[in-house]
Amino acid sequence: MVFSAEDRILIKCLREQKRYSARRLILEFPNKNWTLGGLKKLLRKIDTHGSIERYAGSGRPKTARTEANVAAVGE
């Protein structure tokens, strides 16, 4: 489940100020169609790092498509 920026901020505030759990958030906002697994993952991220932002270097590395690499693969 992809959360919007507004949803992430709302979830972070409710988690830090009122200590809402994933189940409590689902009960409070039934029209959002959030998944339990997605909320648990986001809450774990908030608890461990204190942030809802993506960390640099946490994704797949970019490929290096240079002329030398293209020529090496072509050979």
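Reading guide: rules and limits
- Residues numbered from 1 in each chain as written.
- Predicted model: local features only at pLDDT ≥ 70, side-chain atom pairs only at ≥ 80, totals over all residues.
- Heavy atoms only, no water.
- Salt bridge = Lys/Arg side-chain N within 4 Å of Asp/Glu carboxyl O.
- Helix = DSSP H or I, 4+ residues; strand = E, 2+ residues; numbered from the N terminus.
- Buried < 20%, exposed > 50% of the residue type's maximum accessible area, 1.4 Å probe, protein only.
- Contact = heavy atoms within 4.5 Å.
- Axes fitted to C-alpha atoms, helices over the stretch in contact; angles between N-to-C directions.
- Left-handed = near helix turned anticlockwise from the far one by under 90°.
- Nonpolar A, V, L, I, M, F, W, Y, C, P; charged D, E, K, R; others polar.

Visitor: How should the pattern of salt bridges be read in this particular structure?
Guide: Scanning the entire structure with this criterion turns up three salt bridges. Asp7 serves as the salt-bridge partner of Lys32, at 2.9 Å between the closest nitrogen and oxygen. Taken together, the residues span a long stretch of sequence, with Lys32 in the loop between α2 (22-28) and α3 (36-49) and Asp7 in helix α1 (residues 5-18) at a distance of 25 residues. Overall, Lys32 belongs to the partly exposed group, its relative accessible area being 32%.

Visitor: What should I look at first to understand the environment of Ile26 in this one?
Guide: Note on placement: Ile26 falls in helix α2. If near-sequence neighbours (up to four positions away) are discounted, Ile26 is found in contact with Trp34, Thr35, Leu36 and Leu39.

Visitor: How should the side chain of Arg15 be read in this particular structure?
Guide: Relative to the helices and strands, Arg15 resides in helix α1. Among residues more than four places away in sequence, those in contact with Arg15 are Tyr20, Ser21, Leu43, Ile46 and Asp47.

Visitor: Any chance you could explain the packing of α1 against α3 here in plain terms?
Guide: The relative placement of two packed helices comes down to the angle between their axes together with the axis-to-axis distance. Close contact between α1 and α3 brings their axes to 10 Å; oriented N to C, the two are set at 60°. Relative to α3, the crossing made by α1 is right-handed. Note on element contacts: α3 touches α1 through Leu39, Leu42, Leu43, Lys45, Ile46 and Asp47, opposite Arg8, Ile11, Lys12, Arg15 and Glu16. The residue makeup of the contact of α1 with α3, split by class, is five nonpolar, no polar and six charged.

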